[in-house]
Amino acid sequence: MGALSATWKKEFREGFEPLVPGFEHVPFNDTDALFAAVDGDTAAVILEPVQGEGGVHVASPDYLPAAREVCDRTGALLILDEVQTGLARTGRLWASERWGVEPDLMTLAKSLAGGVPIGATLASEAVERAFKGSHNSTFGGSALACAAGTAALEVVTREKLWERAESLGNLALERLRGLDSPVIREVRGLGLLLGIELKEKANPYVQALSERGVIVIGGGSTILRLLPPLVIPEDQWTYALDMVSEVLRHG
Ligand SMILES: Cc1ncc(COP(=O)(O)O)c(C=O)c1O
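Computed from a predicted model, the values in this text were never measured in an experiment.

Draft legend 1. Layout of the packing of aromatic side chains. Scanning all chains against the criterion turns up 1 aromatic pair. In this structure, R73 packs its charged tip against the face of F35, placed 5.3 Å from the ring centre.

Next comes the structure, spelled out in structure tokens:
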């Protein structure tokens, strides 16, 4: 309920209300709005370095440093949600490295165990010392999930998958931005977290790509989101981009 309360999107919230009170949402990449909302009564600021569900919006160069600064000034904690951006996806092991910002808490999940269900919350030592009470769960610390997590982390670091994410991502950005398409409004992203904003609804294109064997996900009604596995063979990535070009070129 706490995590859901921090989520902005109405579709996720409705049906579960009333949620935990005391959360305030501010527009992304608006430093003034952030500064106006955070004061000595603020417990924490929660951000994604690149918004995923929100439509692949990359934090501007000054946004995360500004968030760090206002948190330090007011005593709030900075929580970065790297569930989508972490583990090499954006071209660094942690996306926050790109902004030179260290969070007080970080959330991880998704690729952490290469697809085996796992989630983790990382905390600085100072924050960890403040944890009180019992935070347990039936499957917490599952030996299988943790073994898969250790193996996945070994592969990510040994193969430096952030380098692969960066080069395959740049290739895709260049190709997609060069497309002559009547329906593309904007292409954005970082590494292998890519978004194509369309001038119309994305669903028919999600369907058309699925029929060609390419799975993409929406991210807001007009956005196609591409998050391939970081180990995707180059010929498969080229094929996926060929298919994206094909369906979007014809509008
Ligand atoms: C950025 C982000 N944070 C958190 C979550 C929730 O992760 P989990 O379902 O592992 O709790 C998601 C799920 O899609 C997500 O995209």
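Draft legend 2. Geometry of the site of the ligand. Taken together, E48, D81, V83, Q84, A109 and K110 make up all the residues around the ligand. Within the contact set of the ligand, a nitrogen atom lies 2.6 Å away from a side-chain nitrogen or oxygen of D81. Between the ligand and Q84 there is a distance of 2.8 Å, counted from an oxygen atom to a side-chain nitrogen or oxygen. Protein contact buries 52% of the 390 Å² of open area that the ligand shows by itself. Among the residues forming the shell around the ligand, the class breakdown is 2 nonpolar, 1 polar and 3 charged.

Draft legend 3. Structural context of the environment of L77. Relative to the helices and strands, L77 is located in strand β4 (residues 77-81). For L77 and A123, which are 46 residues apart along the polypeptide, the C-alpha to C-alpha distance reads 10 Å. Excluding anything up to four places from it in sequence, L77 contacts A43, A44, V45, C71, D104, L105 and V127.

Draft legend 4. A look at helix α4 (residues 63-74). The end-to-end C-alpha distance of α4, which contains 12 residues, comes to 17 Å, matching closely the 16 Å that a straight helix rising 1.5 Å per residue would cover. For α4, every residue scored as buried is listed here: Y63, L64, A66, A67, R68, V70, C71 and T74. A positive phi of about 85° marks G75, the residue just after α4.

Draft legend 5. Region of interest: the sheet that holds strand β9 (residues 217-218). Sheet architecture is open: 4 strands sit in the order β7-β8-β10-β9, paired in antiparallel fashion. Every other strand in the sheet has two partners, leaving β7 (184-190) and β9 as the edge strands with one partner each. Sheet topology places strand β8 (residues 193-198) next to strand β10 (residues 223-226); 4 bridges connect them, and they run antiparallel. In the sheet register, E197 faces β10, and the bridge partner there is I223.

Draft legend 6. Looking closely at the packing of helix α7 (residues 161-177) against helix α9 (residues 234-249). Relative to each other, α7 and α9 sit at 25°, their axes nearing to 11 Å. By the angle class used here, α7 and α9 are roughly parallel. Judged by the sense of rotation from one axis to the other, the crossing of α7 with α9 is right-handed. Contacts between α7 and α9 involve R164, L168, L171, A172, R175 and L176 from the former and E234, W237, T238, L241, D242, V244 and S245 from the latter. In the contact of α7 with α9, the residues fall into 7 nonpolar, 2 polar and 4 charged.

Draft legend 7. Region of the structure containing the packing of helix α8 (residues 203-211) against α9. Across the interface, α8 lies against α9 with an axial gap of 10 Å and an inter-helix angle of 135°. One way to sum up the angle between α8 and α9 is to call them oblique. Relative to α9, α8 is oriented so that their crossing is right-handed. Counted together, Y205, A208 and L209 of α8 and M243, V244, V247 and L248 of α9 form the full contact between these two elements. Classifying every residue of the contact of α8 with α9 by side-chain character gives 7 nonpolar, no polar and no charged.

Quick notes on the rules
- Residues numbered from 1 in each chain as written.
- Predicted model: local features only at pLDDT ≥ 70, side-chain atom pairs only at ≥ 80, totals over all residues.
- Heavy atoms only, no water.
- Phe/Tyr/Trp six-rings, centres within 6.5 Å; stacked < 30°, edge-to-face > 60°.
- Lys NZ or Arg CZ within 6 Å of the ring centre and 35° of its normal.
- Near = heavy atom within 4 Å.
- Polar contact = N/O pair within 3.5 Å; in protein donor to acceptor, adjacent residues only side chain to side chain.
- Areas by Shrake-Rupley, 256 points an atom, 1.4 Å probe, with all protein chains shown as cover.
- Nonpolar A, V, L, I, M, F, W, Y, C, P; charged D, E, K, R; others polar.
- Helix = DSSP H or I, 4+ residues; strand = E, 2+ residues; numbered from the N terminus.
- Contact = heavy atoms within 4.5 Å.
- Expected span 1.5 Å × (residues − 1).
- Buried < 20%, exposed > 50% of the residue type's maximum accessible area, 1.4 Å probe, protein only.
- Pairing = 2+ DSSP bridges.
- Axes fitted to C-alpha atoms, helices over the stretch in contact; angles between N-to-C directions.
- Parallel < 35°, antiparallel > 145°, perpendicular 65-115°, else oblique.
- Left-handed = near helix turned anticlockwise from the far one by under 90°.

Honestly, it's all geometry; don't read function into it.
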